[in-house]
There are 2 protein chains.
Amino acid sequence: MTRWKPDAQLRLIGAAITLFDERGYEETTVAQIAQAAGLTKRTFFRYFADKREVLFNGSNELIEDWVAAVAAAPPDLSPMAAVCAGLDPIAAMFVERHAFARIRARIIVANPEVQERELIKLQSLAVAIKDVLLDRGVSPNPAILAAQAGVTVFHVAFGRWVEQDDPTALRRFMDESLDELRSVTTA
Amino acid sequence: MTRWKPDAQLRLIGAAITLFDERGYEETTVAQIAQAAGLTKRTFFRYFADKREVLFNGSNELIEDWVAAVAAAPPDLSPMAAVCAGLDPIAAMFVERHAFARIRARIIVANPEVQERELIKLQSLAVAIKDVLLDRGVSPNPAILAAQAGVTVFHVAFGRWVEQDDPTALRRFMDESLDELRSVTTA
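Residues numbered from 1 in each chain as written. Chains lettered and ligands numbered in written order. Predicted model: local features only at pLDDT ≥ 70, side-chain atom pairs only at ≥ 80, totals over all residues. Heavy atoms only, no water.

Draft legend 1. The arrangement of the overall build of chain A in detail. Regarding its fold elements, chain A presents 11 helices and zero strands. For chain A, the succession of helices and strands along the chain, N to C, is α-α-α-α-α-α-α-α-α-α-α. Taking 187 residues into account, the globule formula puts the C-alpha radius of gyration at 16 Å, and chain A, at 18 Å, falls close to it. When the backbone C-alpha atoms are referred to their principal axes, chain A occupies close to 50 × 30 × 25 Å. For chain A, the residues scored as buried account for 51% of the 187 residues in total. (Helix = DSSP H or I, 4+ residues; strand = E, 2+ residues; numbered from the N terminus. Rg over C-alpha atoms; globule rule 2.2 N^0.38 Å. Buried < 20%, exposed > 50% of the residue type's maximum accessible area, 1.4 Å probe, protein only.)

In C-alpha cells form, the structure reads like this:
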C-alpha cells in the first residue's frame, strides 16, 4: 500500500528513526541523519523542512487516503458509515509501519513540539473528512461530529496499537473503539 | 461565576482584546496593550508570558471547573453522564464571556500559532477529564472515549455559540451536539 518514494527520502526516514530511537529525538541533528543515510544536509532539506517533519511524512497520505475512501463510499451510506469506509485502507496502510509507529509514539510523548504537530495533523484530518462529508451533501453539524468521532476512533485505536506487538491489530482496535464510543455516548 | 482576578489583569485582558479586534492580533504589541491599560510592559509580563496567553486566560479555569464537576458527580453515573455534569457550570461560566469569545474566535481562525495553542488546550482538557474518570474507577478505554466525546461536544457547541448573538445559547448547543453525536455514531 505504500506509495512510491524516492530512495533518498526512504533512507533519510530510516536513518532518522534509528537515531531518534538510539540517541533521543532532541539530541539528533539533521547533519547526523544525513550522514547516517550517506547523504548531505542539502538533500535532507530537499525532502523535509526540519527533523520534526520526518515523523509526519505519512500524515498527508493518511489524510488523502481517508478522504478518497469517504468520497468513493456508496452515496446512501450514513455519515458515520462513510467515515468508517476509510478505516480499512488506513489500517492496511499502517501494517508495515508498526515498528516506525511505535518508536514515533515514544518520541511524541516525550516532546511537546512534536505533540503539537500531531494535534494539528489530527485536526487537519478531521477538517478534511468534514469537508468531504459536506461534498456528499451531509449537513454541517452531523458532518463535523461524524468526522470528529472518526478521528477520535482512529486516534484511540492507534494509541492501543502502538502499545502492543501485533502489526495487524489496528483494524480490530478501530472496531472496538467505535463500539466503545457508541456505548459511552448512548449509556 | 468569574473567579476574582487582579484589576490590572482584567484591564490588560480588556485592552488586549479591544486592540486585537481593532488593529489585528499580529499588529498589536505587548507595549501597546500595556499602554492602553495604563500599565507597564513589566506588569503585563507579571500576568502573561506573551500576548497569545491573554487569549487563554480562561483555559485553566475551564479545565479546573469541568474536572471538579466530574469529580463531584454522583458515583453511580455512567462515564458520559459524569462528563456531562461539567456542561452546566461551563456553560454558565461562559455566558458573560460571549463578546470576548466571539472576538477570540476570529483571532483563532486567522492565526495558526493561536490555533495550535487552542488545540493543545483542548487536548489538555480531554486528558484532565480522562484522568478524573480513571479516579472514579472508569476503565481506561471508556474513560478516553467519554472524555474525547465530551470535548468534541463542547468544541462543536462553542463553535456554534460564537457564530450567533445569544450569550445564553451555549448550554442548548451542547445538548444538541451531544444528541447529534449519539445520532451519528449509532446510525
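Draft legend 2. Just the environment of A99(A), in detail. With respect to the helices and strands, the residue A99(A) is situated in helix α8 (residues 98-110). In sequence terms A99(A) and F44(A) are 55 residues apart; their C-alpha atoms lie 22 Å from each other.

Draft legend 3. View of the nonpolar core. One finds W66(A), L133(A), F154(A), W66(B), L133(B) and F154(B) to be the most contacted residues of the largest nonpolar core, which totals 86 residues. Every residue in contact with F154(A), bar those within four places of it in the chain, is listed here: L62(A), W66(A), I90(A), F94(A), L122(A), L125(A) and M174(A). (Core = buried A, V, L, I, M, F, W, Y, C linked by side-chain atoms within 4.5 Å. Contact = heavy atoms within 4.5 Å.)

Draft legend 4. Structural context of the interface of chain A and chain B. Each partner contributes to the interface: chain A provides 25 residues, whereas chain B provides 25 residues. For the pairing of chain A and chain B, the buried interface totals around 2400 Å² over both sides, and the portion due to carbon and sulfur atoms is 72%. Summed over the three residues of chain A that lose the most area to chain B, namely L145(A), V184(A) and T185(A), the buried surface amounts to 26% of that side. The tally of links from chain A across to chain B stands at zero salt bridges. There are four residue pairs in polar contact (both at pLDDT 80 or more) connecting chain A and chain B. (Buried area = accessible area lost by both parts, 1.4 Å probe. Salt bridge = Lys/Arg side-chain N within 4 Å of Asp/Glu carboxyl O. Polar contact = N/O pair within 3.5 Å; in protein donor to acceptor, adjacent residues only side chain to side chain.)

Draft legend 5. Examining the packing of helix α5 (residues 59-72) of chain A against helix α9 (residues 112-135) of chain A more closely. Residue and element names in this part refer to chain A. Where α5 meets α9, the axes come as close as 9 Å, and the angle between the chain directions of the two elements is 20°. Looking at the two axes, α5 sits roughly parallel to α9. Crossing of α5 over α9 shows right-handed handedness. Together, S59, N60, L62, I63, W66, V67, V70 and A71 of α5 and K121, S124, L125, A128, I129, V132 and L133 of α9 make up the contact between the two elements. Considered class by class, the residues forming the contact of α5 with α9 number 11 nonpolar, three polar and one charged. (Axes fitted to C-alpha atoms, helices over the stretch in contact; angles between N-to-C directions. Parallel < 35°, antiparallel > 145°, perpendicular 65-115°, else oblique. Left-handed = near helix turned anticlockwise from the far one by under 90°. Nonpolar A, V, L, I, M, F, W, Y, C, P; charged D, E, K, R; others polar.)

Draft legend 6. Local environment of the packing of aromatic side chains. Across all of its chains, the model carries 18 aromatic pairs over all chains by this definition. With centroids separated by 5.9 Å and ring planes inclined at 70°, the aromatic side chains of F94(A) and W161(A) adopt a geometry described as edge-to-face. One end of the pair, F94(A), is in helix α7 (residues 87-95); the other, W161(A), is in helix α10 (residues 140-161), with 67 residues separating them in the sequence. With a relative accessible area of 9%, F94(A) lands in the buried category. Ring-pair connections join several aromatic residues into one group, and the members of that group are W66(A), F94(A), F154(A), F158(A) and W161(A). The positively charged end of K51(B) is found above the aromatic ring belonging to Y25(B), 4.5 Å away from the centroid. (Phe/Tyr/Trp six-rings, centres within 6.5 Å; stacked < 30°, edge-to-face > 60°. Lys NZ or Arg CZ within 6 Å of the ring centre and 35° of its normal.)

Draft legend 7. Up close: the side chain of K121(A). All names here are of chain A. Along the chain, K121 falls in helix α9. There is no salt bridge for the buried K121, and the closest opposite charge comes from E53, which lies 4.6 Å off by N-O distance. Setting aside residues up to four positions removed in sequence, K121 forms contacts with F56, S59, N60 and I63. (Lys, Arg positive; Asp, Glu negative; His and termini not counted.)

Draft legend 8. Expanded view of the relation of the copies chain A and chain B. Overlaying chain A with chain B gives an RMSD of 0.0 Å, the required rotation being 180° about an axis along which the chain moves by 0.0 Å. Each copy turns onto its partner about a two-fold axis. Taken as a fraction of all interface residues of chain A, those also at the interface in chain B reach 100%, which identifies the copy contact as same-surface. (Least-squares fit on C-alpha atoms with pLDDT ≥ 70 in both.)

Draft legend 9. Layout of the packing of α9(A) against helix α9 (residues 112-135) of chain B. Where α9(A) meets α9(B), the axes come as close as 9 Å, and the angle between the chain directions of the two elements is 95°. Taken as axis vectors, α9(A) and α9(B) run roughly perpendicular relative to one another. Along its contact with α9(A), which presents E116(A), L119(A), I120(A) and Q123(A), the element α9(B) presents E116(B), L119(B), I120(B) and Q123(B). Here the residues of the contact of α9(A) with α9(B) are counted per class, giving four nonpolar, two polar and two charged.

Draft legend 10. Here's a closer look at the pattern of salt bridges. Residues and elements named next belong to chain A. Throughout the structure, instances matching the rule amount to 28 salt bridges over all chains. Note that D175 and R171 form a salt bridge whose closest N and O atoms lie 3.2 Å from each other. With D175 and R171 both in helix α11 (residues 170-186) and four residues apart, the pair spans about one turn of that helix.

Draft legend 11. Molecular detail of the environment of F173(B). Residues and elements named next belong to chain B. Here F173 lies in helix α11 (residues 170-186). For the pair F173 and R160, spaced 13 residues apart in the sequence, the C-alpha separation amounts to 7.1 Å. Residues contacting F173, with those up to four places away along its chain left out, are A157, R160, W161 and Q164.

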